[in-house]
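Below, each chain spelled out in residue letters.
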Amino acid sequence: MSTSTPQTFEFQAEIKQLLDIVIHSLYTEKEIFVRELVSNASDALEKMRHLKLTEKDVFEENKELEINITTDENAKTFTIQDSGLGMTRSELVENLGTIAHSGSKAFLKSLGDSGQKNANLIGQFGVGFYAAFMVAKSVKVYTHSWRSSEPGHVWTSDGAGSYSIEPAEDQSRGVKIVVELKDDCSDFSKEWKVEEILKRYSAFVSFPITLNGKRINTVQALWLRSKNEIKDEEYLEFYKFQAHAHDEPRLRLHFSADAPLAINALLFVPKENTERLGFSRLEPSVALYCRKVLIDAKPKDLLPEWLRFVRGVVDSEDLPLNISRETMQDRALIEKLNKVITKRFLKFLDDEARNRTDAYNEFYGQFGHFLKEGAALDYTHKDALVKLLRFESSLTEKGKLTSLADYVTRMQPEQKEIFFLLGPNREALENGPYLEGLKARNLEVIFCYEAVDEYVMSNVSEFDGKKLTAADRADVKLADLPKPPQEDSLPEEQTATLTTWLKETLGERVAEVKLSDRLVGSPALALNADKFTSPHMRRMMKAMNKGGSEMPVHVNLEINPRHPVIKRLAATRESDPAKAKLVAEQVLDNALISAGLLDDPTAMVTRLYKLLESV
Ligand code: ADP
Ligand code: MG
């Protein structure tokens, strides 16, 4: 049969089924057809670029390698033209009429080993082209091959059961696809709509794309370029474009890996943590690409929740193993990616902390909250995260931070635990009674100022084999550690009598009254008798239990037999029992105030006036 007259072909039976799957269920969004046609055009250009290096007789050899898209709202068409390698008549039959035949895959094979590694080619399943039929009444493919001797052709189909091929005069090199849109898909003939889709999915395609004459892709896929060729300005421009940001990034990590997965990633930490400024919860937005083509702009599980402040791009060649590329059904693959990237990012932060300590601490000031969240909740990465936590301590200057690792190097020889205290700020902790005993023994105490710290410390629970211990807990044993210098103390026997009397006098308000081994400058302190009475816990319980009955405060009172107030109290107990009772209650209330545990000060104020009367 002559090849100059239209010839009609039946699609293979399988291809009819495939078309049905592609049109009705493979893709969840119709707009994906744009991405697929652009990817094919890009592949065709990449192949052409390659062929030009080796072939002599190339049709229209000097034609620019580019993609031009036009829309026509009146005609309801979407047209995409590339100056790639084009197709001969037999290639049209083979590539567009055979089930799951990928010319791209065959091309890679023909290149041998070096071809297997060409990361610039996107296609390999031989189904993307059919996505056009989700939106098309008919599709026409005009083409002229790069081979000068071959004539031009047009391939036509409505995607139902057959296609036809006939000769076409005056074709330029490459492929021009005219998609005549279904009535309910006429949106794809609107420029703004197509522009939006192109910017979303195809912003990083390497060849120039124009839409109705206007250039669309201006930013390069920086993540695929080599680090030492990229200038800071380029990174900045990329960050602003990709993260829709206006600031300069605080940190940047650009890395690639081959095993266990091929990954190219470019990640940024923004300048400010907007969550901390009270804006809404950040959404994970490191985008997932496969060979420069967007798979998902906000993949949920690509990174752990606590990394939701990170911006940027992850590109993995291994992704198209999943045929639709659009929905990541492959959980195992995403989990693997997640693990590799998270590990790498944590190592990066660790390096930053070591080598650029000041910058790291500034980062920590903004984003430390997320690391704490991870340390408390993410068991997989807990150890690496705990190393990255920073705190003020009784031995740092105000505003200076220490790590737990550094704390450990400063521990006393007898010391087995890491001590911490929770409080609203440094001043409150330094002036409160809890620090005295530890300070006198040269024991360092980590200071925690944030409400979440109590939760974090109890979940982390130990570091380097050492328990994290709240220094205001009743069961902290300082007795075994070296004693602070002893001063004039109330004799042992009198102290014993006084503690017994105090317990009787204060009754239900205290669980126990004891001699303190930790007080130096204060007369007394209140310790948590059980885990429900930490100030933070009480505030939470109160908030949850609005208007309900108050929880009774239940504390251990420790007294300092070296303090003048306690010595005077011992004497007053005998000379003026009524007054001594008032003083005892006042001492307890003062201790509760220091602990942040006094809920209602009215009784205290009345009593204080009574005491003042007797001055
Ligand atoms: P894939 O891109 O995964 O190979 P497609 O269904 O998207 O599968 O395309 C099938 C084949 O058709 C491609 O491999 C290619 O050989 C050919 N093809 C599609 N679009 C073009 C184009 N614009 N220029 C040249 N060949 C093309
Ligand atoms: Mg394709």
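Please refer to the structure higher up on the page.
Because the structure is a prediction, the values reported are computed rather than measured. (Residues numbered from 1 in each chain as written. Chains lettered and ligands numbered in written order. Predicted model: local features only at pLDDT ≥ 70, side-chain atom pairs only at ≥ 80, totals over all residues. Heavy atoms only, no water.)

Caption draft 1: Quick look at the overall build of the protein chain. Within the protein chain, the regular secondary structure consists of 19 helices and 22 strands. Here the protein chain, with 615 residues, has 52% of them falling under the buried criterion. For the protein chain, the share of sequence-separated contacts (at least 6 apart) that also reach a separation of at least 24 residues comes to 71%. Of the accessible surface of the protein chain, which amounts to about 29,900 Å², a share of 50% is contributed by carbon and sulfur atoms. (Helix = DSSP H or I, 4+ residues; strand = E, 2+ residues; numbered from the N terminus. Buried < 20%, exposed > 50% of the residue type's maximum accessible area, 1.4 Å probe, protein only. Contact = heavy atoms within 4.5 Å. Areas by Shrake-Rupley, 256 points an atom, 1.4 Å probe, with all protein chains shown as cover.)

Caption draft 2: Seen up close, helix α7 (residues 232–242). Looking at α7, one finds that the buried residues are Tyr 235, Phe 238, Tyr 239 and Gln 242. What you see down the axis of α7 is that its buried residues fit within an arc of 100°, all on one side. Of the surrounding secondary structure, the elements contacted by the buried residues of α7 are β10 (251–257), β11 (263–269), β12 (285–290) and β14 (311–315). One or two positions beyond α7, positive phi appears at His 244, with a value near 50°. (Arc of directions from axis to C-beta.)

Caption draft 3: Summary view of the pairing of β12. For β12, the tally of buried residues reaches six of six residues, placing the bulk of the element in the interior. Residue alternation in β12 divides its side chains into two sets, Ser 285, Ala 287 and Tyr 289 and Val 286, Leu 288 and Cys 290, and both sets are buried. Pairing of β12 with β14 involves five bridges; the strand directions are parallel. Bridge pairing links Ser 285 to Arg 311 in β14. Across three bridges, the pairing between β12 and strand β13 (residues 293–296) is antiparallel. In the sheet register, Leu 288 faces β13, and the bridge partner there is Asp 296. (Pairing = 2+ DSSP bridges.)

Caption draft 4: Spatial organisation of the nonpolar core. Counting 98 residues, the largest nonpolar core has Phe 309, Val 314, Leu 337, Phe 345 and Leu 371 as the members making the most contacts within it. Among the elements that take part in this core, helix α8 (residues 331–355) stands out by supplying ten residues, more than any other. What Leu 337 contacts, discounting residues up to four positions off in sequence, is Leu 261, Ile 263, Leu 288, Leu 302, Val 314, Ser 316 and Leu 319. In this structure, Phe 33, Leu 198, Tyr 201 and Ala 287 belong to the second largest nonpolar core, which totals 76 residues. (Core = buried A, V, L, I, M, F, W, Y, C linked by side-chain atoms within 4.5 Å.)

Caption draft 5: Highlighting the packing of helix α15 (residues 492–506) against helix α18 (residues 577–595). Between α15 and α18, the shortest axis-to-axis distance is 10 Å and the interhelical angle comes to 85°. The pairing of α15 with α18 is recorded here as roughly perpendicular in orientation. Along its contact with α15, which presents Trp 501, Leu 502, Thr 505 and Leu 506, the element α18 presents Ala 580, Lys 581, Ala 584, Glu 585 and Leu 588. Its residues placed into classes, the contact of α15 with α18 shows six nonpolar, one polar and two charged. (Axes fitted to C-alpha atoms, helices over the stretch in contact; angles between N-to-C directions. Parallel < 35°, antiparallel > 145°, perpendicular 65-115°, else oblique. Nonpolar A, V, L, I, M, F, W, Y, C, P; charged D, E, K, R; others polar.)

Caption draft 6: Highlighting the pattern of salt bridges. Following the criterion strictly, the structure yields 31 salt bridges and no others. Taking the shortest distance from any N to any O, the salt bridge between Arg 426 and Glu 430 comes out at 3.2 Å. Separated by four residues within a single helix, Arg 426 and Glu 430 lie in helix α12 (residues 426–431), roughly one turn from each other. Judged by relative accessible area, which is 5%, Arg 426 ranks as buried. (Salt bridge = Lys/Arg side-chain N within 4 Å of Asp/Glu carboxyl O.)

Caption draft 7: Quick look at the environment of Thr 143. With respect to the helices and strands, the residue Thr 143 is situated in strand β4 (residues 136–144). For the pair Thr 143 and Lys 176, spaced 33 residues apart in sequence, the C-alpha to C-alpha distance is 6.3 Å. At 2.9 Å, the side chain of Thr 143 and the backbone nitrogen of Met 87 are in polar contact. Reaching out from Thr 143, the side chain makes a polar contact with the backbone oxygen of Gly 174 at a distance of 2.9 Å. (Polar contact = N/O pair within 3.5 Å; in protein donor to acceptor, adjacent residues only side chain to side chain.)

Caption draft 8: Focus on the sheet that holds strand β7 (residues 174–181). Pairing within the open sheet is mixed, and its nine strands lie in the order β1-β6-β5-β4-β7-β3-β2-β8-β9. Every interior strand has two partners, whereas the edge strands, β1 (7–10) and β9 (214–215), have only one. In this sheet, strand β6 (residues 162–167) lies alongside strand β5 (residues 153–157) in antiparallel orientation, the contact comprising five bridges. By the bridge assignment, His 153 is partnered in β6 with Pro 167. Relative to the sheet, helix α3 (residues 89–97) contacts β1, β4, β5 and β6, its axis offset from that of β6 by approximately 160°.

Caption draft 9: Broad picture of the sheet that holds strand β21 (residues 524–528). Strands sit in the order β20-β22-β21 across an open sheet of three strands; the sheet is mixed. Single-partner strands in this sheet number two, and they are β20 (510–515) and β21. Neighbour to neighbour, the strand axes of the sheet diverge by 25° on average, direction disregarded. Each of β20, β21 and β22 (555–559) touches α18; the most contacted strand, β21, lies at about 55° to it.

Caption draft 10: Layout of the pairing of strand β19 (residues 466–470). Looking at chain direction, strand β16 (residues 417–422) and β19 are connected through four bridges and run parallel. The residue bridging Phe 419 from the neighbouring strand is Thr 469, located in β19. As defined by bridge partners, strand β18 (residues 462–463) adjoins β19 across two bridges and the pair is classed as antiparallel. When the bridges of β19 are listed, Glu 462 appears paired with Lys 467. Hairpin connection between β18 and β19: a loop of two residues separates the two successive antiparallel strands, and Asp 464 in this loop has a positive phi of roughly 55°.

Caption draft 11: The side chain of Thr 77, seen in detail. Note on placement: Thr 77 falls in strand β3 (residues 77–82). For Thr 77, the residues in contact, after removing those within four places along its chain, are Thr 70, Thr 71, Asp 72, Val 178, Val 179, Glu 180, Leu 181 and Ser 189.

Caption draft 12: Structural context of α15. If you check α15, its first and last C-alpha atoms are 21 Å apart, about what 15 residues at 1.5 Å a residue would give, namely 21 Å. All of the buried residues along α15 are Thr 495, Leu 498, Thr 499, Trp 501, Leu 502, Thr 505 and Leu 506. Contacts from the buried residues of α15 go to β20, β22, α17 (564–575) and α18. A positive phi of about 55° marks Gly 507, the residue just after α15. (Expected span 1.5 Å × (residues − 1).)

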